[in-house]
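Inside the fold
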Amino acid sequence: MKREQAERLITEYLKPIYGFALKRCANLQDAEDLTQEIVLKAFRTLLCREDMEAPDKFVWTVAHNTLANYYRGKTKAALGVPIDNLAELLPSGNNTEDSIVEKETIDRLHSEIAHLSKLQRRIVIAYYFEKKKQETIAGELGIPLGTVKWHLFEAKKDLKKGMDTMRQTSELKFNPIRFELCGTNGSPGTKGANGNFFRSALSQNIVYSVWKEAKTVGEIADALGVSPVYVESEAEYLAEYGFLKEKCGKYLCNILLDEPSDELIELHDEMYKQAAGLFANELFDALTGSGILNDRRIVCGQTGRPVTRPQDERADDNFILWSLIPYIAALSGESLMDKSISFDEVATIRPDGGHNLCDASVAAPNVKRPMYFESMLRFCGPFWNRNKDYTLWQIDSEWSSGRVRDGYIEKSNRILSILSNLQASDSAVSAVSEDDYVFLTETGILKTTDVEGNKGRPKAVVQVVWLENSEIKNQLLAVGGRLKEKHWAALEAMKKPFVKAVLNETPKHLHKMKKFELQYIFFADGWFILHCMKELVHRGKLKLPTEEQKKSLTTIIIPNE
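The notes below deal with the structure included here. Predicted, not measured: the structure shown is a model, and the values here were computed from it. (Residues numbered from 1 in each chain as written. Predicted model: local features only at pLDDT ≥ 70, side-chain atom pairs only at ≥ 80, totals over all residues. Heavy atoms only, no water.)

**Details of the overall build of the chain**
The helix and strand tally for the chain stands at 21 helices and 13 strands. Going through the 561 residues of the chain one by one, you find that 50% of them count as buried. Taking the contacts inside the chain whose residues are at least 6 apart along the sequence as the reference set, 73% of them involve residues at least 24 apart. Taken as a whole, the chain presents about 27600 Å² of accessible surface, with 51% of it coming from carbon and sulfur. (Helix = DSSP H or I, 4+ residues; strand = E, 2+ residues; numbered from the N terminus. Buried < 20%, exposed > 50% of the residue type's maximum accessible area, 1.4 Å probe, protein only. Contact = heavy atoms within 4.5 Å. Areas by Shrake-Rupley, 256 points an atom, 1.4 Å probe, with all protein chains shown as cover.)

Below you can see the structure in the form of structure tokens.
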């Protein structure tokens with residue numbers, strides 16, 4: 001019989017043979033040894049015969065004969081004793097039957113070793129390629145001799161599994177998922193935003209494969225149709241940074257994944273469209289009709305002209321509204337929020353100093369994308385960073401100039417530090433260097449004056465919205481708070497079916513994390529803010545910013561009091 005036919009036949013009978021042995025042996029280890037012996041004898045005979053009319057009868061004849069010989073070869077005292085106590089009775093080297101397939105085993109191990117687990121690979125390499133005895137391997141690895149024998153037996157079985165894995169149609173192998181959006185809710189670490197950890201298809205698909213149930217490295221590899229070698233190190237790395245949880249050799253997803261359906265998208269779009277139409281228009285009218293935009297505690301000197309007389313320069317209302325509306329939408333009415341789950345209860349502290357939740361959206365080819373999806377790809381925030389003196393609040397979007405990139409935390413911390421030094425610089429002029437002024441100008445925070453003879457420290461105009469004190473901040477937020485309170489019953493009704501549908505699709509182990517995220521709908525919620533701005537732009541209430549304004553857009557500085 002040809003070798004391929006023999007392999008196929010033996011593979012077909014491997015599980016039934018193992019079941020046969022389990023029923024007739026006193027313990028698991030004896031059953032494993034008997035299975036291996038039956039398989040080797042049957043395989044050798046099949047290679048030598050061409051006239052195999054009744055394979056089933058042949059296999060079970062070999063099994064019964066081998067069982068009889070196996071019992072005769074064991075003393076009564078030995079039967080039922082754990083395999084570790086029988087080490088001296090079980091050969092560590094190759095016997096005559098092993099030598100028939102030894103060369104083939106080694107050849108296949110060379111090409112298929114990648115399909116074995118990490119421990120199996122170490123044992124197989126030591127035994128077959130480094131020619132070490134099983135007792136030596138056990139000592140070096142600090143494991144029982146029986147464990148070494150078991151893994152060598154399992155490795156031989158897994159050779160066939162490895163070959164089949166590459167031939168089987170794996171859904172993720174041929175149709176790997178990809179993340180369309182990957183967010184960072186909280187503080188990124190020194191390695192940057194969470195999206196930096198998911199730039200490869202492998203990392204994305206590993207996390208997706210254990211989204212709803214925990215899997216071993218081998219099971220993940222089977223799902224992806226790749227070698228465990230590639231999965232192991234990546235899974236360990238993702239677990240180290242908290243994107244996976246590992247327990248008893250199994251990995252489980254620890255990020256929020258959204259795999260949209262047409263139903264969810266429809267609920268999502270309708271909820272935000274209605275809410276923005278209700279809230280944004282009334283907020284715009286309240287701000288423009290109340291005269292509050294003329295309050296001198298709202299400082300902003302954004303201008304397209306050279307600055308010559310700082311005291312006479314003031315931004316137009318449209319530019320100021322671009323910052324105030326998203327700020328008020330995000331922070332107003334917080335007393336209405338459900339705050340039953342705190343950030344610290346669900347956030348992950350990462351080794352690089354990050355303290356955040358990670359959320360990602362899986363591309364669904366046959367499902368429509370949410371309204372304004374392309375705009376959301378360019379939307380970042382809200383971000384707020386603070387030191388002892390100031391808070392910097394900012395959003396980056398399709399209307400601004402792409403300010404939020406890796407290193408954003410360091411950049412914003414430098415802005416805050418310079419502002420603190422400026423505050424104290426009346427008594428310490430040297431505290432703020434020329435480079436600091438240049439930096440604030442490049443980031444859109446300030447524009448320096450063009451006044452001849454102004455030597456030393458230059459004068460400057462604030463190019464972003466600066467709220468002079470907490471009193472004006474609270475007054476602005478109260479405008480939005482009254483509107484949210486007025487419409488809260490309607491907003492809650494819009495939210496309820498969407499929340500229910502989302503939780504139904506969320507695995508139980510991620511429910512608490514998802515509930516925390518859902519608390520922020522209609523508050524510091526990127527989708528809500530984006531819909532509000534789109535609503536006002538489409539209605540012609542907000543005019544598009546100029547190119548020069550984009551650098552300073554949707555940025556607010558508030559003194560901490």
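**Digging into helix α16 (residues 408-424)**
Taking 1.5 Å of rise per residue, the 17 residues of α16 would be expected to cover 24 Å, and the 25 Å separating its terminal C-alpha atoms lies within 8% of that figure. Buried residues of α16: Tyr 408, Ser 412, Ile 415, Leu 416, Ile 418, Leu 419 and Ser 420, and no others. (Expected span 1.5 Å × (residues − 1).)

**A closer look at the packing of helix α12 (residues 262-290) against helix α19 (residues 488-505)**
Packing of α12 against α19 leaves a shortest axis separation of 10 Å and a crossing angle of 160°. When the interaxial angle is binned, α12 and α19 end up roughly antiparallel. For the pair α12 and α19, the sense of crossing is left-handed. Listed contacts from α19 to Leu 264, Leu 267, His 268, Met 271, Gln 274, Ala 275 and Leu 278 of α12 are Ala 490, Leu 491, Met 494, Lys 495, Pro 497, Phe 498, Ala 501, Val 502 and Glu 505. (Axes fitted to C-alpha atoms, helices over the stretch in contact; angles between N-to-C directions. Parallel < 35°, antiparallel > 145°, perpendicular 65-115°, else oblique. Left-handed = near helix turned anticlockwise from the far one by under 90°.)

**What to know about the nonpolar core**
Counting residues in hydrophobic clusters, the biggest one holds 62 residues, and the most contacted among them are Leu 287, Leu 324, Leu 467 and Leu 476. Ignoring anything within four residues of it in the chain, the contact list for Leu 476 reads Leu 287, Ile 292, Ile 298, Leu 324, Ile 328 and Leu 467. Residues Ile 206, Leu 224, Val 362 and Met 513 belong to the second largest nonpolar core, which totals 34 residues. (Core = buried A, V, L, I, M, F, W, Y, C linked by side-chain atoms within 4.5 Å.)

**Some remarks on the sheet that holds strand β13 (residues 555-559)**
Ordered in space as β5-β12-β13-β9-β8, the 5 strands form an open sheet in which the pairing is mixed. One side of each edge strand has no neighbouring strand; the edge strands of this open sheet are β5 (298-299) and β8 (380-386). As paired elements, strand β9 (residues 390-396) and β13 share 5 bridges and run antiparallel to each other. Bridging across to β13, Tyr 390 finds its partner in Pro 559. (Pairing = 2+ DSSP bridges.)

**Here's the deal with the side chain of Asn 254**
Inspection of the secondary structure assignment puts Asn 254 in the loop between β3 (250-253) and β4 (256-258). Residue Asn 254 is classed as buried on the basis of its relative accessible area of 10%. In contact with Asn 254, not counting residues within four places along its chain, are Gly 242, Phe 243, Leu 244, Lys 245, Thr 348, Leu 510 and Met 513.

**Section: the packing of helix α5 (residues 118-129) against helix α6 (residues 134-141)**
Between α5 and α6, whose axes approach to 10 Å, the crossing angle comes to 140°. The angle between the axes of α5 and α6 places the two elements in the oblique class. The handedness of the crossing between α5 and α6 comes out as right-handed. Residues Leu 119, Arg 122, Ile 123, Ala 126 and Tyr 127 of α5 form the contact with α6, whose participating residues are Gln 134, Ile 137 and Leu 141.

**Describing the packing of aromatic side chains**
For the structure on display, the rule yields 20 aromatic pairs. Ring geometry for Phe 383 versus Tyr 408: centroids 5.0 Å apart, planes at 50°, classification tilted. A residue pair is termed long-range when its members are at least 10 positions apart, and Phe 383 in strand β8 and Tyr 408 in helix α16 qualify at 25 residues. In this structure Tyr 408 comes out as buried when scored by relative accessible area, which is 6%. Plain terms: the ring middles of Trp 488 and Phe 523 are 5.7 Å apart, the flat faces sit at 55° to each other, and that makes the pair tilted. Taken together, the positions of Trp 488 in helix α19 and Phe 523 in the loop between α20 (511-518) and α21 (526-538) put the pair 35 residues apart, joining distant regions of the chain. Here Trp 488 and Phe 523 have matching classes, each one buried. Here the aromatic residues Phe 179, Phe 197, Phe 198, Tyr 237, Tyr 241 and Phe 243 are joined through ring pairs into a cluster of three or more. (Phe/Tyr/Trp six-rings, centres within 6.5 Å; stacked < 30°, edge-to-face > 60°.)

**Section: the environment of Pro 176**
Inspection of the secondary structure assignment puts Pro 176 in the loop between α8 (171-174) and β1 (179-187). For Pro 176, a relative accessible area of 46% gives the class partly exposed. Taking the C-alpha atoms as reference points, Pro 176 and Leu 224, separated by 48 residues in sequence, lie 7.9 Å from one another.

**As for the pairing of strand β7 (residues 355-362)**
The buried count for β7 comes to 6 of 8 residues, which makes it a mostly enclosed element. Of the pairings in the sheet, the one linking β4 to β7 comprises 3 bridges and is parallel in character. For Leu 257, the partnering residue across the bridge sits in β7 and is Ala 360. Pairing geometry for strand β6 (residues 348-349) and β7, over 2 bridges, is antiparallel. Bridge pairing in β7 places Thr 348 opposite Asn 356.

**Here's the deal with the pattern of salt bridges**
Applying the stated criterion across every chain, the model contains 20 salt bridges. Linking Glu 517 and Lys 514 is a salt bridge whose minimum nitrogen-to-oxygen distance equals 2.8 Å. Separated by 3 residues within a single helix, Glu 517 and Lys 514 lie in helix α20, roughly one turn from each other. Assessed through its relative accessible area of 2%, Lys 514 is described here as buried. Residues participating in the shared-partner salt-bridge network are Arg 178, Glu 180, Arg 369 and Glu 374. (Salt bridge = Lys/Arg side-chain N within 4 Å of Asp/Glu carboxyl O.)

Function-wise, these values are silent; they only describe arrangement.
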